[in-house]
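# Overview (structure and organization)
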Amino acid sequence: MQQNRLSDWLVKHELVHRSLGFDYRGIETLQIQTEDWDSIAVISYVYGYNYLRSQCAYDVAPGGFLASVYHLTRIQYGIDKPEEVCIKVFAPRNNPRIPSVFWIWRSADFQERESYDMLGISYDNHPRLKRILMPESWIGWPLRKDYITPNFYEIQDAH
């Protein structure tokens, strides 16, 4: 199966990761440790994953880890079905810090900001990490499973 080339390459070069299996389209999902993510992101880019298709984040379980998910694609001329990989980086809830990949894939800019805004994951070395959807004064992280919704809704400038 061609979809596991990156995983094989990482094993060959003794880079720590864990395969989480394949999705229904045959795309492998890899788990990368937070402290290894910045170097493996650079390696992935050099290996040919030149396109960050999407980045998202989710709350794994109440009180559990937060996950940042990266869908990487190898775009090459003349290839009808580009190689893809999904990478998950888990961060502890009490101090969720993950290295930013903005300097590798510029498309991570707004996507990492949204993950920060909704889940409170801090992306180290991101140039403009601030809220993008919620007001700067908002308290809490609305997409966390343990988030308590305020019992008020303030509508400003509604017409």
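The present account deals with the structure reproduced in this document. (Residues numbered from 1 in each chain as written. Predicted model: local features only at pLDDT ≥ 70, side-chain atom pairs only at ≥ 80, totals over all residues. Heavy atoms only, no water.)

Once that is clear, we can look at the pattern of salt bridges. Side chains bearing opposite charge may pair, as long as their charged atoms lie close to each other. With the rule as written, the count across this model stands at eight salt bridges. Among the salt bridges present, the one from Asp 146 reaches Arg 93, with a minimum N-O distance of 3.0 Å. Of the two residues, Asp 146 is situated in the segment after strand 7 (122-124) and Arg 93 in the loop between strand 5 (83-91) and strand 6 (97-99); the sequence distance between them amounts to 53 residues. Overall, the relative accessible area of 13% leaves Arg 93 in the buried class. Measuring nitrogen to oxygen at the nearest pair gives 2.7 Å for the salt bridge that ties Asp 124 to Arg 97. In this pair, Asp 124 is assigned in strand 7 and Arg 97 in strand 6, connecting sequence segments 27 residues apart. Given the relative accessible area of 25%, Asp 124 is considered partly exposed. By relative accessible area, Arg 97 is classed as partly exposed at 39%. Salt bridges here are not isolated pairs; linked through shared partners, they connect Arg 25, Arg 53 and Glu 84. (Salt bridge = Lys/Arg side-chain N within 4 Å of Asp/Glu carboxyl O. Helix = DSSP H or I, 4+ residues; strand = E, 2+ residues; numbered from the N terminus. Buried < 20%, exposed > 50% of the residue type's maximum accessible area, 1.4 Å probe, protein only.)

As for its placement among the helices and strands, His 71 is situated in strand 4 (residues 66-74). In this structure, the C-alpha to C-alpha distance between His 71 and Ile 104, residues 33 residues apart in sequence, is 14 Å. If we ignore the near neighbours within four places in the chain, the residues touching His 71 are Tyr 51, Leu 52, Arg 53, Ser 54, Val 85 and Cys 86. (Contact = heavy atoms within 4.5 Å.)

Pairing analysis gives eight bridges linking strand 3 (residues 51-59) to strand 4, with the strands arranged antiparallel. Along strand 4, the bridge assignment pairs Tyr 58 with Ala 67. Between the antiparallel neighbours strand 3 and strand 4 lie six residues, among them Gly 63 with a positive phi of about 80°. (Pairing = 2+ DSSP bridges.)

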